[in-house]
Amino acid sequence: MSRLDSEEKEELRNLKEEVATLRQTQATLRDNMREAVTNVSENQDLIEDLRQKNVQLEGIVSLISNNRSTLRVNYEMLIALLPLK
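Just so you know, these numbers come straight off a predicted model, no measurement behind them.

### Considerations on the overall build of the protein
Then, in step 1: Of the regular secondary structure elements, the protein holds 1 helix and 0 strands.
Then, in step 2: Overall, the C-alpha framework of the protein stretches about 120 × 20 × 5 Å when taken along its three principal axes.
Then, in step 3: As presented, the protein carries roughly 8500 Å² of accessible surface, and 58% of it is formed by carbon and sulfur atoms.
Then, in step 4: Side-chain charges in the protein split into 12 positive and 15 negative, and the spacing between the mean points of these groups amounts to 8 Å.

### Observations concerning the environment of Leu82
Then, in step 1: Relative to the helices and strands, Leu82 is located in the segment after helix 1 (6-81).
Then, in step 2: Along the primary structure Leu82 and Ala36 are separated by 46 residues, whereas in three dimensions their C-alpha atoms are 68 Å apart.

### Some points on the pattern of salt bridges
Then, in step 1: By the definition in use, this model includes 3 salt bridges.
Then, in step 2: With its nearest N and O atoms 2.9 Å apart, the salt bridge here joins Glu10 to Arg13. Here Glu10 pairs with Arg13, and both are found in helix 1, just 3 residues apart, close to one helical turn.
Then, in step 3: For Arg51, the salt bridge identified is with Glu48, shortest N-O distance 3.8 Å. Of this pair, Arg51 and Glu48 both sit in helix 1, separated by 3 residues, roughly a single helical turn.
Then, in step 4: Accessibility expressed as a relative area gives 53% for Arg51, which makes it exposed.

### Let's talk about a nonpolar patch on the surface
Then, in step 1: On the surface, a cluster of nonpolar side chains totalling about 410 Å² of accessible area is made up of Tyr75, Leu78, Ile79 and Leu82.
Then, in step 2: Of note, Leu78 is situated in helix 1.

### What to know about the UniProt feature "coiled-coil region" (unreviewed entry) in the protein
Then, in step 1: According to UniProt, the "coiled-coil region" (unreviewed entry) feature falls on residues 5-53.
Then, in step 2: In residues 5-53, the share of helix is 98% and the share of strand is 0%. The end C-alpha atoms are 71 Å apart.

### Structural notes on a negative patch on the surface
Then, in step 1: On the surface, a cluster of negative charge is made up of Asp5, Glu7, Glu8 and Glu11.
Then, in step 2: By secondary structure assignment, the location of Glu8 is in helix 1.

### Details of helix 1
Then, in step 1: The end-to-end C-alpha separation of helix 1 is 110 Å, in line with the 112 Å expected for 76 residues at 1.5 Å each.
Then, in step 2: Among the residues of helix 1, the N-terminal cap falls to Asp5, whose side-chain oxygen and the backbone nitrogen of Glu7 are separated by 3.1 Å.

Procedures and definitions
Along every chain, residues carry numbers that run from 1 in the direction the sequence is written. Thresholds applied to this predicted model are a pLDDT of at least 70 for local features of residues and 80 or more for the giving and counting of side-chain atom pairs; totals over whole chains, interfaces and linings are not thresholded and use all residues. Computation of side-chain values: all heavy atoms of the structure, hydrogens and water removed. Runs of E in the DSSP output that reach at least two residues are strands. Runs of H or I that reach at least four are helices, and both are numbered from the N terminus. Computed with the Shrake-Rupley method and a 1.4 Å probe, the accessible areas treat only the protein chains shown as cover for residues. Working convention for charge: Lys and Arg count positive, Asp and Glu count negative, and His plus the chain ends are omitted. We put the charge of a Lys on NZ, of an Arg on CZ, of an Asp on CG and of a Glu on CD. Every case where a carboxyl oxygen of Asp or Glu lies within 4 Å of a side-chain nitrogen of Lys or Arg is listed as a salt bridge. Relative accessibility thresholds used throughout: buried, under 20% of the residue-type maximum; exposed, over 50%; partly exposed, between the two (1.4 Å probe, protein chains only). Patch rule: a residue counts if its relative accessible area is over 30% and it has no salt bridge; like charges are joined within 9 Å, and nonpolar side chains (Val, Leu, Ile, Met, Phe, Trp, Tyr) within 5 Å. UniProt positions are given in the numbering used here, feature names are shortened, and annotations may be inferred rather than shown by experiment. Here, expected helix span is obtained from the residue count minus one, scaled by 1.5 Å. Counted as a polar contact is a pair of N or O atoms within 3.5 Å, where, for protein atoms, one must be capable of donating a hydrogen and the other of accepting one, and residues adjacent in sequence contribute only when both atoms are in side chains.

So this is what it looks like as structure tokens:
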């Protein structure tokens, strides 16, 4: 086996460093992908919670509207039943 000259040794050292950097980048990308998948899942859960709350709010708004209508009718009936002076 022949000995490597200093230029080849330097090139080999640079390639090893580059491989190490690429492996670290790959690991970071894998971690980021896992985190992104988790975030998407959590966001989907939050969106579903918001949808359910929106339905509840629509129900509350409907009840308030119905109560206003009932109060208006009750007020008109009360006025009609009051003795006129």
